[in-house]
Amino acid sequence: MNLKAHSFHIPVMGLGYTIDTPVKVAHLGISSVVSIVDDFLMEKMREFYSKKFDLPFNEISTKAEDFRAKRITAYLNLVDKLVSDKYDELVNNFHQKSSELEKYFDLLPDAKSIKEKFNQMVQSKSMPDVKAWLQRNLTKGAIDVNIMTKLDKVNYSGGEALPSEYNDAHAALRGFANSTLNSSVVLSAGMNPRLYSYIENFEDFYPNAEGEFKKKVTLKVSDYRSALIQGRFLAKKGIWVSEYRIESGLNCGGHAFATQGYLLGPILEEFRDKRQELATAVFDVLQKGLEEKGKSQLEKAPELKITAQGGVGTNEEHNFLLEEYQLDAIGWGSPFMLVPEACHIDKYSLELLRNSGENEFYLSDASPLGVHFNNVRGTSQQKAIEHIRKEGKVGFPCTKRFLVFNTEFTEQPICTASRRYQATKIAEIEAMDIDENCKKLQIDKLAEKECLCEGLSNSTYLANEVTPDSPRRGVSICPGPNLAYFTKIASLKEMVDHIYGKINLLQDAKRPNLFVKELRMYVDYLENKIEEVRHAKDEKQAAYYRTFRKNMQDGISYYKELFTKYDHKLHEMKKDVMVELENVNKKIEAFNI
């Protein structure tokens, strides 16, 4: 028998939404990604799971040296142990009725035939033989971790800046590197040369003689050129990128990093056509990097995976991306927010997501980083901001300080969602010689900033009835706009069956295909930017957005050709697509840049 691995993974969501997803699904063969930004949350969840499974717990205090890295290591080690224990139980108790093994099989794409073959094997083989076969063939899902490379603030002790290895992202990397996990660190939000260089300090990231790794590197990228540059940079240090994870610039969850009008389809095609070229170019640099470090060179390039995520919502889209672009897996993120077995979310937020439609999902300015942030209207964090403003207050107390980057008014960076920053900025705005409407617009825009450090963790505390360090319980949510079309709170099996086309959770939802949805978002994005450029009268920016428009038009031409080519094959994806593409093209042609 040959068990086919799952062709999807669950990407990182927020700070807390996937913090314990591996504990729920990894023993069933499903891979997921944990954010390792919030060490306070990880420490609380380590305590929670230690009590739940009657394991010893020794608190790691903020007074301990290198407490951040130590907390991350301790939490990841616990998750690794819990998943391994569940997996071992699954294999050892395979003969029991209603076992987790049956659940494992039921989630597979070809569940029925696999179960039939397994039952035949049980009849003809000894128990040790069956157990040995299961251990050889049933894979655990990966417990990958995510580091947002820009969240790498300098930390201080006694007013003195600590060395760079104590920066937030550096400490998180060290926490992962020192853990027992055999998995990948997913680096997102662009290149951080100092952090990338820090990877070479950890032996687990280097290949053994067979080209295998204890710890792997995955890069989340938006285009081929960026992938090649970052891959070569790391290869010079003897570090191989095992996976390039392509994400839609706008049609995704969390922070949205728009490309210069480059659309997902053409980007995926370039990766497909240049996949071997990428592997060869980076491998040649890797060999030199290994040699310079006095390490053995490899006989062949290690495995290189190309995956994608952002807005995928149907089995047809899933299969099309896998086949057309020769991808190794697809990320399904936001739909799993409606699957309590995978992502445990507080009741209010769960109902909000289930009942929100297209108009409730939007690109916001809620992030203190100044980057667009996918959001949904009506969250409890937004209600908290309304309450704060009614009391005549502004901003949030800044306790965790993960997003302190602004030095407009201070020597040491502070957060733009903080009370300190907002009070100072509002005083500056009110002193300006501009009309009252302009002042109000600027202050309202400033007030949109959310405390994401608390907001993206609080749902996890609420759902698990864990007491947070802060009394503020507002929840921020960062779903991709694709979630607007999912309305059912689903079981894990139902969502996986939907992915594999066994059932349809969307029913009669009027949903554009993922390419058209992303295109619409880019049109709205460009339209807003043109307004900004028009008011600023900035010719350099205008030239940039003319190129932006040209890239979008090239993408539209690509899609017209693509859907003509597959006219006989696709059903849902091609519905009304040509009319939609033509309408969008006319709209952007009319833009006066």
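Residues numbered from 1 in each chain as written. Predicted model: local features only at pLDDT ≥ 70, side-chain atom pairs only at ≥ 80, totals over all residues. Heavy atoms only, no water.

Visitor: Is there a simple way to explain the overall build of the protein in this structure?
Guide: A tally of helices and strands in the protein yields 21 helices and 12 strands. Taking as baseline every contact in the protein between residues at least 6 positions apart, the subset at least 24 positions apart corresponds to 71%. Summing over all exposed atoms, the protein offers an accessible surface of approximately 26,500 Å²; the carbon and sulfur share of this is 47%. (Helix = DSSP H or I, 4+ residues; strand = E, 2+ residues; numbered from the N terminus. Contact = heavy atoms within 4.5 Å. Areas by Shrake-Rupley, 256 points an atom, 1.4 Å probe, with all protein chains shown as cover.)

Visitor: Before we go on, may I ask you to explain the pattern of salt bridges in this structure?
Guide: In the structure shown here, the tally under the stated rule is 47 salt bridges. Of the charged contacts, one joins Lys-274 and Glu-270 as a salt bridge, the two residues approaching to 3.0 Å between their closest N and O atoms. On the accessibility criterion, Glu-270 (31% relative accessible area) is partly exposed. For the salt bridge of Lys-493 with Asp-497, the shortest nitrogen-to-oxygen distance reads 2.6 Å. With Lys-493 and Asp-497 both in helix 18 (residues 492-499) and four residues apart, the pair spans about one turn of that helix. Classification of Asp-497 by relative accessible area gives buried; the value is 7%. One salt-bridge network, held together by shared partners, links Asp-39, Arg-68, Arg-71, Lys-153 and Asp-168. (Salt bridge = Lys/Arg side-chain N within 4 Å of Asp/Glu carboxyl O. Buried < 20%, exposed > 50% of the residue type's maximum accessible area, 1.4 Å probe, protein only.)

Visitor: Sorry if this is basic, but what is going on with the pairing of strand 3 (residues 143-148) here?
Guide: Within a regular strand, side chains alternate between the sheet's two faces. The element strand 3 is extensively covered by neighbouring structure, given that six of its six residues are classed as buried. Burial of the side chains of strand 3 extends over both faces: Ile-143, Val-145 and Ile-147 are buried on one face and Asp-144, Asn-146 and Met-148 on the other. Pairing of strand 3 with strand 6 (residues 184-188) involves four bridges; the strand directions are parallel. Within strand 6, the residue paired with Val-145 across the bridge is Val-185. (Pairing = 2+ DSSP bridges.)

Visitor: What exactly am I supposed to notice about the nonpolar core here?
Guide: Looking at soluble globular proteins, one finds that nonpolar side chains tend to be buried together. Core analysis: the biggest nonpolar cluster contains 172 residues, and Tyr-244, Phe-336 and Phe-515 have the highest contact counts within it. Ignoring sequence-local partners within four residues, the contact set of Tyr-244 consists of Leu-219, Val-221, Ala-227, Gly-231, Phe-271, Leu-278, Val-282, Leu-304, Lys-305, Ile-306 and Thr-307. In terms of nonpolar packing, the next biggest core, distinct from the first, is built from six residues, Ile-414, Tyr-421, Ile-426 and Leu-446 among them. (Core = buried A, V, L, I, M, F, W, Y, C linked by side-chain atoms within 4.5 Å.)

Visitor: I tried to follow the sheet that holds strand 8 (residues 241-247) on my own but got confused; where do I start?
Guide: Strands pair in a sheet through their backbones, by hydrogen bonds, and they do so in one of two ways: parallel or antiparallel. Here we have eight strands rolled up into a closed barrel, ordered 1-2-3-6-7-8-9-10, and parallel in their pairing. Shown here is a sheet whose adjacent strand axes are inclined to one another by a mean of 30 degrees, direction ignored. (Axes fitted to C-alpha atoms, helices over the stretch in contact; angles between N-to-C directions.)

Visitor: Explain the environment of Val-34 here, please?
Guide: Tracing the backbone through its elements, the reader meets Val-34 in strand 2 (residues 31-35). As for Val-34 and Asn-182, which are separated by 148 residues in sequence, their C-alpha atoms are 14 Å apart.

Visitor: Even after reading the chapter, I still don't get the environment of Pro-397, so can you show me in this structure?
Guide: On the secondary structure map, Pro-397 appears in the loop between helix 14 (380-390) and helix 15 (419-430). Sequence separation of Pro-397 and Leu-322 is 75 residues, and the distance between their C-alpha atoms is 46 Å. Leave out the neighbours within four places in its chain, and Pro-397 touches Arg-419 and Arg-472.

Visitor: What exactly am I supposed to notice about the environment of Lys-587 here?
Guide: Structurally, the position occupied by Lys-587 is in helix 21 (residues 577-589). For Lys-587, a relative accessible area of 38% translates into the label partly exposed. Once the C-alpha coordinates of Lys-587 and Val-523 are considered, the two residues, 64 residues apart in sequence, prove to be 8.3 Å apart.

Visitor: Explain helix 6 (residues 127-137) to me, please; I cannot follow it from the model alone.
Guide: Structural remark: α-helix, 3.6 residues per turn; residues separated by three or four positions point the same way. Regarding helix 6, the residues found buried are Val-130, Trp-133 and Leu-134. One face of helix 6 carries all of its buried residues, which in axial projection span an arc of 100 degrees. For helix 6, the exposed residues lying more than 90 degrees away from the buried face are Pro-128 and Arg-136. Buried residues in helix 6 make contact with helix 3 (67-92), helix 4 (100-107) and helix 5 (111-124). (Arc of directions from axis to C-beta.)

Visitor: I'm lost on the packing of helix 9 (residues 224-235) against helix 11 (residues 275-292) in this one. Help?
Guide: Each pair of packed helices can be described by the angle between their axes along with the distance between the axes. Packing of helix 9 against helix 11 leaves a shortest axis separation of 8 Å and a crossing angle of 20 degrees. If you check the angle between helix 9 and helix 11, you find them roughly parallel. For the element pair helix 9 and helix 11, the recorded crossing hand is right-handed. Of the residues in helix 11, those in contact with Tyr-224, Ala-227, Leu-228, Gly-231, Arg-232 and Ala-235 of helix 9 are Glu-277, Leu-278, Ala-281, Val-282, Val-285, Leu-286 and Gly-289. Here the residues of the contact of helix 9 with helix 11 sort into nine nonpolar, two polar and two charged. (Parallel < 35°, antiparallel > 145°, perpendicular 65-115°, else oblique. Left-handed = near helix turned anticlockwise from the far one by under 90°. Nonpolar A, V, L, I, M, F, W, Y, C, P; charged D, E, K, R; others polar.)

Visitor: Looking at this structure, how should I read the side chain of Ser-367?
Guide: Within the secondary structure layout, Ser-367 lies in the loop between strand 11 (361-364) and strand 12 (373-376). Excluding residues that lie within four positions of it along the chain, Ser-367 makes contacts with His-255, Phe-373, Lys-449 and Leu-452.

Visitor: How should unusual backbone geometry be read in this particular structure?
Guide: Peptide bonds are trans in most cases, and residues, glycine excluded, mostly fall at negative phi. Despite not being glycine, Asp-54 shows a phi value in the positive range, around 55 degrees. Relative to the assigned elements, Asp-54 resides in the loop between helix 2 (39-52) and helix 3. Residues other than glycine seldom take positive phi values, yet Asp-66 does so here, at roughly 55 degrees. Among the secondary structure elements, Asp-66 is positioned in the loop between helix 2 and helix 3.

Visitor: Explain the packing of aromatic side chains here, please?
Guide: How two aromatic rings sit relative to each other is given by the distance of their centres and the angle of their planes. If you walk through the whole model with that rule in mind, you get 23 aromatic pairs. Measuring from ring centre to ring centre gives 6.2 Å for Phe-320 and Tyr-325, while their planes differ by 90 degrees; the resulting arrangement is edge-to-face. What makes Tyr-325 buried here is its relative accessible area of 2%. Connected via pairs of aromatic rings, a cluster forms that spans Tyr-522, Tyr-525, Tyr-544, Tyr-545 and Phe-548. A cation over a ring is seen here: Lys-215 above Phe-176, with NZ or CZ 5.5 Å from the ring centre. In this structure, Arg-377 is placed above the aromatic ring of Tyr-362, and the distance from its NZ or CZ to the ring centre is 4.0 Å. (Phe/Tyr/Trp six-rings, centres within 6.5 Å; stacked < 30°, edge-to-face > 60°. Lys NZ or Arg CZ within 6 Å of the ring centre and 35° of its normal.)

Visitor: Is there a simple way to explain helix 10 (residues 264-273) in this structure?
Guide: Within helix 10, burial applies to Leu-264, Gly-265, Ile-267, Leu-268, Phe-271 and Arg-272. Seen from one end, helix 10 has its buried residues packed into an arc of 165 degrees, which puts them on one side.

Visitor: How should the pairing of strand 7 (residues 216-221) be read in this particular structure?
Guide: In terms of burial, strand 7 is largely enclosed, as five of its six residues are buried. Note: strand 6 against strand 7, four bridges, orientation parallel. What sits directly across from Ser-184, in strand 7, is Lys-216. With respect to chirality, the unit in which strand 6 leads through helix 8 (residues 193-198) into the neighbouring parallel strand 7 is right-handed. Note that strand 7 and strand 8 share five bridges and pair parallel. For Leu-219, the partnering residue across the bridge sits in strand 8 and is Tyr-244. For the handedness criterion, the β-α-β arrangement of strand 7, helix 9 and strand 8 is classed as right-handed. (Right-handed = clockwise from strand over helix to strand, strands pointing away.)

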